Amino acid sequence: MNTLKLRFLTAAAILFVVPAVALTQQSPAQAQQMLEANPALLNQLRSRILSSGLTPDQVRARLRAEGYPESILDAYLPGGSQSSGDPSSTTVIPTMPNEDVFDAITALGIVDTVGVASLRCSVEALSDDTTLLAADTIGIGRAQALRNKRALRRTCEQRMRLSVIDTLRLRIQSDSGFVIFGMNAFRQNTTQFDPNLGGPVDANYRLGPGDLIALILTGDVSQAYQLPVTREGFIVVPQAGQIFVNNLTLGELENILYNRLGRVYSGVRRGPGATTRFSISPVRLRTNQVFVLGDVTRPGSFRISSAGTTLSALYAASGPTDNGSLRNVQIKRGGRTIDVLDVYDYLINGDATHDVRLLNGDVVFVPVHSPRVRIVGEVTRPATYEIRGGETLSDAIRFAGGFTPNASRRRVQIERIQSPDQRALGGRDRVTLDISPVNLAENGPTDIALLAGDIIRVFAVTERMRNRITVEGNVWQPGTLGLTPGMTVSQALRAAGGLQPDTYLGQVLVSRLNSDSTRSQLHATLADTTGRVIGDFALKEDDQVRVFSVTTFRPTRYVAVTGAVRTSGQIPFREGMTVRDLVLLAGGLEQSADLREAEIARLPADRRAGVTATTFRVPLDSSYIFERGPDGAYFGPPGLPAASGSTPEVKLRPYDNVLILRQPNWELQREAVIAGEVRFPGRYSLRTKTEKVSDLIRRAGGLTPEAYADGVTFYRAKDSVGRIGIALPDILRSPASRDNLQLQDGDSIFIPRFNAVVNVKGAVNSPVAVTYVPGKNLEYYVRAAGGITRLGDLRYAYVTQPNGKVEATSGKFIFRNNPRPRPGSTVFVPPKDTSERRTDFIATIGSIAQVAASFVAIAIALRR
């Protein structure tokens, strides 16, 4: 039990600890080696970061805002993998991505959950070697480590599936209208609300301490200056002196510089006569400290760019919570509300009029949301929307992007929780309102006011397709047709491309849908294949017209060919088909074909006497051999002579079976191999079908003096027979021996040299080759091999003699017959059969003794 617990804990350690080791405890050299072995992982991560559109500086700024070290992704930013030989180089060598890296890229919105799961799988695949090394270190076998690695791979695949399921679940939730509109703009990481970090800015930007301004003079004077705004709010312009710029806009500063620079440079003036011109632009913007409070995800103090707006602050705080308002975001400055931002204006209309630029110390306050309604069904953006006072059903549908093309505007339904003053006993707290079409018109006089908790359902149009008919069957363009007033059957057939030539004219079926959804069958008759209908009639909506083909009713007719052709089988019948045509379609004759005649089996005209076919022979000739040389000579092997000239063509009927006969006794040469101790070993072609082993040995020149005839190996490949035991000495003494077998194609004979050993195998203590001793039996050679093992069963031992014949032990006790191995033979001792019931000799002797005692008692009784 303790051993089982130890193995379980060890496996758990590999399953859960090793991935952490592989992901977090690699040396830089190991990580570099793994990444060099598979650079696709590093390129994949970098491509994800590049595709996000973030610059390295923006990535680091976003990481700081999310609470991560700003250098955590430096190794994966563009240029991060370039190593330098300079020891003072600050270039970061990339390491294997760990969980912190995955969390960081998820927080930045660079990849989704499915992408992170894929990257984790790639890292775990690269860490297989580390897993095996850790397994060896804690002392479990490598096979177990490989099993654990496969388990990790299955876990990775399961994570991928779960990530896909989570994505689909979010999509389904979005379609159901439970998603609060506008929240995803702040939940998904994006750069759309990031303020400019280095300009340019508009002319209304107000300067303050921390800004850095570039002043460029061109014309008579060419100079460029970088002017920082001091803590007191001044800039110092060379030769022009100190200028107070705090809280001035860029436009106001430009007016002041025209005055101050004009005193120093005579060419500085407004208008076309100026010979010296200047321009100012921010090089670096200061940061302001603002406060985001109320129902936001991360309330607190944030430092944002001085060009930042209310949306920038909201995004830094990760947006409102589910309880926060998007319609009443208040901007407070100096203890009073200076503006209110409705985020819907920005998201729906692109209007950023109230997205004011924030100053140092501003407060962005998000109160609890206003009443919300949920709109689902056939609208562009099903979601939950916040409704301000005075907004109606038309506004909610406008927020949702309007109706989809599938929307049924004749029916919109509102599920409403009654206001407290309208609730009554008897379950009247919830009601359903059906809205008529006139109420959905824009600026409609009876537009419906909405209440908190309303659920607006926009239904789809009916799925049933109207004003159509269907034409099926033997027309050129079957399918659905639009029904025109007064359309008849003939007009529908022409609209479907017309009838095909093999159309059945006797009847056309028209299936008509009744009002109770049952169908009735109507009939029409065609006059000809032009589509003219006898007794034509008008069609109705949902009629189904079916046109039949004569070919559909025609049975499949064929002729069959077998025998000496290249491809036997059934071939479609054609009127006028002859035997020669059939042979051509069957790939021609085989070289064994008898070119004198063929047999045809034909269906009988009368089956009453039990006749199933009538057969007759038809003549063939040499012209049925299609493969010939330029001089007309036949290429194939010789055979029986064929009739010359041209025999009459024989026409076939449907279902004829044609048998191409084979030439009697025709076959290609058969071969047999003889090897070993014969004078002329080789592969011999057999002369006759009755050639025997003795004949082949005689053709091979007989045996050599070193040949061991008793050790012959005779092998038959045909029908996978295998080795056959024969007594070659008997064959050599008398060709009439029963072992003198007739040879078949593929037979082989091997005659070895004399081998004076006996091989002992099986359940013996020392399986060896024992020197042959004349006259010794099987048990002698078993004892010479150390005797049988405790599992050996000498009763079933057998000898494979050198000629392949098998001899087994027989008899019991003193009548036991042991075979005598000959030189080159093999003795085999099989193991005991554990399922065999052993004889209980003690019980048997006891029973015999009891029977004997009974006989003695009877004999004594009889004598008395």
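All figures in this text were calculated on a predicted structure; none of them were measured in a lab.

Thresholds, definitions, all that
- Residues numbered from 1 in each chain as written.
- Predicted model: local features only at pLDDT ≥ 70, side-chain atom pairs only at ≥ 80, totals over all residues.
- Heavy atoms only, no water.
- Pairing = 2+ DSSP bridges.
- Helix = DSSP H or I, 4+ residues; strand = E, 2+ residues; numbered from the N terminus.
- Phe/Tyr/Trp six-rings, centres within 6.5 Å; stacked < 30°, edge-to-face > 60°.
- Buried < 20%, exposed > 50% of the residue type's maximum accessible area, 1.4 Å probe, protein only.
- Salt bridge = Lys/Arg side-chain N within 4 Å of Asp/Glu carboxyl O.
- Core = buried A, V, L, I, M, F, W, Y, C linked by side-chain atoms within 4.5 Å.
- Contact = heavy atoms within 4.5 Å.
- Patch = residues over 30% accessible without salt bridge, like charges linked within 9 Å, V, L, I, M, F, W, Y side chains within 5 Å.
- Areas by Shrake-Rupley, 256 points an atom, 1.4 Å probe, with all protein chains shown as cover.
- Expected span 1.5 Å × (residues − 1).

**Quick look at the sheet that holds strand β21 (residues 544–547)**
Sheets are built from strands paired through backbone hydrogen bonds, the pairs being either parallel or antiparallel.
Inference 1: Read across the open sheet, the six strands follow the order β17-β16-β21-β18-β19-β20; overall the sheet is mixed. A strand with exactly one partner marks an edge of an open sheet, and here the two such strands are β17 (479–482) and β20 (533–534).

**Structural notes on the packing of aromatic side chains**
The relation between two aromatic rings is expressed through the spacing of the ring centres and the mutual angle of the planes.
Inference 1: Enumeration over the complete set of coordinates arrives at 13 aromatic pairs.
Inference 2: On the basis of an interplanar angle of 65° and a centroid distance of 5.1 Å, the ring pair of F234 and F244 is categorised as edge-to-face. With F234 in strand β3 (residues 234–237) and F244 in strand β4 (residues 241–244), this residue pair connects regions lying ten residues apart in the sequence.
Inference 3: Relative to Y781, the ring of Y780 has its centre 5.0 Å away and its plane inclined at 80°; by these criteria the two rings are edge-to-face.
Inference 4: Residue Y780 is classed as partly exposed on the basis of its relative accessible area, which comes to 25%.
Inference 5: For Y781, a relative accessible area of 0% puts it in the buried group.
Inference 6: One aromatic cluster is present, formed by F181, Y344, Y385 and F399 through successive ring pairs.

**Brief notes about the pattern of salt bridges**
Inference 1: Using the criterion set out here, one finds 32 salt bridges in the structure.
Inference 2: Here R457 ties to E415 by a salt bridge, and the two come within 2.7 Å at their closest N and O atoms. Highlighted residues: R457 in strand β15 (residues 455–460) and E415 in strand β13 (residues 407–417), separated in sequence by 42 residues.
Inference 3: When its relative accessible area of 27% is taken as the criterion, E415 is described as partly exposed.
Inference 4: Note that R512 is salt-bridged to D543, the shortest N-O span being 2.8 Å.

**Considering the pairing of strand β28 (residues 682–685)**
Inference 1: As judged from the four bridges shared by strand β27 (residues 671–676) and β28, these two strands associate in the antiparallel manner. Paired with E671 across the bridge in β28 is S685.
Inference 2: Linking β27 back to β28 in an antiparallel pair, the connection comprises five residues.

**Overview of the nonpolar core**
Inference 1: If you look at the biggest cluster of nonpolar residues, it comprises 45 residues, and the most contacted ones within it are F186, V292, L314, I375, Y385, L450 and I456.
Inference 2: If you tally residues by element for this core, the top one is helix α11 (residues 310–316), at five residues.
Inference 3: Setting aside its immediate chain neighbours within four residues, Y385 contacts F181, Y344, P371, R372, V373, I375, F399 and A400.
Inference 4: Of all hydrophobic cores here, the second largest spans 25 residues; its members include L227, V229, V237 and A307.

**As for a nonpolar patch on the surface**
Inference 1: A cluster of nonpolar residues, V851, F855, I858 and L862, forms a patch on the protein surface that exposes about 450 Å² of accessible area.
Inference 2: Mapped onto the elements, I858 comes out in helix α20 (residues 841–863).

**Side note on the environment of N184**
Inference 1: Within the element layout of this structure, N184 appears in helix α9 (residues 184–187).
Inference 2: Measuring from C-alpha to C-alpha, the distance between N184 and G319 comes to 9.0 Å, with 135 residues separating the pair along the chain.

**So, unusual backbone geometry**
Inference 1: You will see that D719, though not glycine, has its phi angle at about 60°, which is positive.
Inference 2: Note on placement: D719 falls in the loop between β29 (713–716) and β30 (722–724).

**Digging into the side chain of T647**
Inference 1: With respect to the secondary-structure elements, T647 resides in the loop between β25 (614–619) and β26 (657–662).
Inference 2: Under the relative-accessibility criterion, T647 is labelled buried at 13%.
Inference 3: Not counting the four nearest positions on each side in its chain, T647 is found in contact with P619, L620, D621 and Y624.

**Here's the deal with helix α10 (residues 250–264)**
Inference 1: The terminal C-alpha atoms of α10 lie 21 Å apart, and with 15 residues this matches the ideal 21 Å at 1.5 Å per residue to within 8%.
Inference 2: For α10, the complete set of buried residues consists of L250, L253, L257 and L261.
Inference 3: Close packing links the buried residues of α10 with β1 (212–219), β3, β4 and β5 (276–284).

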